[in-house]
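# Structural overview
Each chain, written out:
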Amino acid sequence: MAKILCVLYEDPITGHPQSYPRDEIPNLKHYPDGMALPTPKHIDFKPGHLLGSVSGELGLRKFLEGQGHTLIVTSDKDGPNSVFEKELVDADVVISQPFWPAYLTAERLAKAKNLKLAITAGIGSDHVDLQGAINKGMTVAEVTYCNSISVAEHVVMAILALVHDYIPSYQWVIKGGWNIADCISRAYDLEGMTVGSVAAGRIGLGVLKRLKPFDVKLHYTERHRLPESVEKELNLTYHSDVESMLPLCDVITVNCPLYPQTEHLFNDALISKMKRGSYLVNTARGKICERDAIVRALESGQLAGYAGDVWFPQPAPKDHPWRTMPHHGMTPHVSGTTLSAQARYAAGVREILECWLESRPIRNEYLIVDKGKLAGMGAHSYTAGNATGGSEEALKFKKG
Ligand code: NDP
């Protein structure tokens, strides 16, 4: 019998919801490129309910305990005295979400003697030391596509919020003001601007498609260029490197994975190649941007705004400078965990577990690491290596 250790974010401060604003979520038939939605044999949850926090348990308890397996669910993930670190010692499977990542560092992998499978309930397995997982011969899998469109929608929202300077206007209303001049002194239209995407995978392409009707000029950079038909349909300009794209753009959206080569990609030197007053939206991973370089660029005016929902480490310490830097539109890591997305990734986790427990192959498109090497999606979009360095700082959030 297997021991499954599941790390989820904390319940709402008001407790697990007893009711929801909507009675249903749309019933999608497949993902935009035709890829099949998760196909578990059964689910024990209602789509649209909160599954990603501790009491939601990703809807897994009945299924796993019904088969005699042990399920431990905790949000206590950081530091040597955390429930996660204690339970990890004999766990067979770890499930974790990028929103509240249980960092699987080399030290932790060494302690986890029985660990065979790490499942990401979402997309982005950079919280796992992938080189360590390769060396250990374990499997890493994620629920590819489950929340890519959720994030693409968030990116469009963040771009509009920054360019129109929406957040300060909202705050003036709360403060009881009618300060139109204050509200609009940094507000512009997106129409006619040039938007560049770093990567045009599921999210990046989703963003480009959604932005086309805004009458903007669209640019992108990618390791594998998109088909000519797609470039024509969206009127895209391709760049073989990010450096040649940046000086032409008013808005940049970052949509590539985090791995050693993209860690701190946006540093002082790269940001200096952007137009003065550019907007930067990063919903990919916090570490792709160098923390203090972003603060400096906002303070100097090199960037007119920065938004996104990804930080490093997570949860971000209370004194993380991105909480207080000027002209930001940051949220906690929420874009990929809407109630709509949760239904898909909970079903995807169940599908992966069903396969693993029945010794059936996990879908190739879910695999990141398998049989001692990068596999499936992992082989396409990642490089081997470790991007978890510094993650122990997440403990600072717990300590206040
Ligand atoms: P995809 O795998 O579909 O897309 C990633 C794309 O990035 C691939 O097309 C890959 O290109 C490209 N890429 C890799 N390295 C580079 C590079 N150096 N420069 C330009 N392009 C590059 O994944 P998704 O679009 O679904 O997700 C992308 C990332 O977004 C995830 O890895 C994750 O970090 C983040 N994410 C964030 C979420 C959130 O809640 N905020 C939720 C989901 C994902 P190629 O195929 O050519 O190798």
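Residues numbered from 1 in each chain as written. Predicted model: local features only at pLDDT ≥ 70, side-chain atom pairs only at ≥ 80, totals over all residues. Heavy atoms only, no water.

Attention now moves to the pattern of salt bridges. Overall, the coordinates contain 25 salt bridges when judged by the stated rule. A salt bridge links Glu-87 to Lys-3, with the nearest nitrogen and oxygen atoms 2.6 Å apart. In this pair, Glu-87 sits in helix 2 (residues 83–88) while Lys-3 sits in strand 1 (residues 3–7), placing the two residues 84 residues apart along the sequence. Judged by relative accessible area, Lys-3 falls into the buried class, the value being 11%. Asp-268 serves as the salt-bridge partner of Arg-296, at 2.8 Å between the closest nitrogen and oxygen. Here Arg-296 is found in helix 12 (residues 291–300), whereas its partner Asp-268 is found in helix 11 (residues 268–271), with 28 residues between them in sequence. The class of Asp-268 is partly exposed, set by a relative accessible area of 39%. Shared partners join several salt bridges into a network, and the residues in it are Asp-44, Lys-62, Arg-350 and Glu-354. (Salt bridge = Lys/Arg side-chain N within 4 Å of Asp/Glu carboxyl O. Helix = DSSP H or I, 4+ residues; strand = E, 2+ residues; numbered from the N terminus. Buried < 20%, exposed > 50% of the residue type's maximum accessible area, 1.4 Å probe, protein only.)

In this section: the packing of helix 5 (residues 148–163) against helix 8 (residues 202–211). Orientation of helix 5 relative to helix 8, taken along the N-to-C sense of each, is 50 degrees, at an axis distance of 8 Å. Between helix 5 and helix 8, the angle is such that the two are oblique. Seen along the crossing, helix 5 lies across helix 8 with a hand that is right-handed. Together, Ser-148, Ile-149, Val-151, Ala-152, Glu-153, Val-155, Val-156 and Ile-159 of helix 5 and Arg-202, Ile-203, Gly-206, Val-207, Arg-210 and Leu-211 of helix 8 make up the contact between the two elements. Tallied by class, the residues present in the contact of helix 5 with helix 8 amount to nine nonpolar, two polar and three charged. (Axes fitted to C-alpha atoms, helices over the stretch in contact; angles between N-to-C directions. Parallel < 35°, antiparallel > 145°, perpendicular 65-115°, else oblique. Left-handed = near helix turned anticlockwise from the far one by under 90°. Contact = heavy atoms within 4.5 Å. Nonpolar A, V, L, I, M, F, W, Y, C, P; charged D, E, K, R; others polar.)

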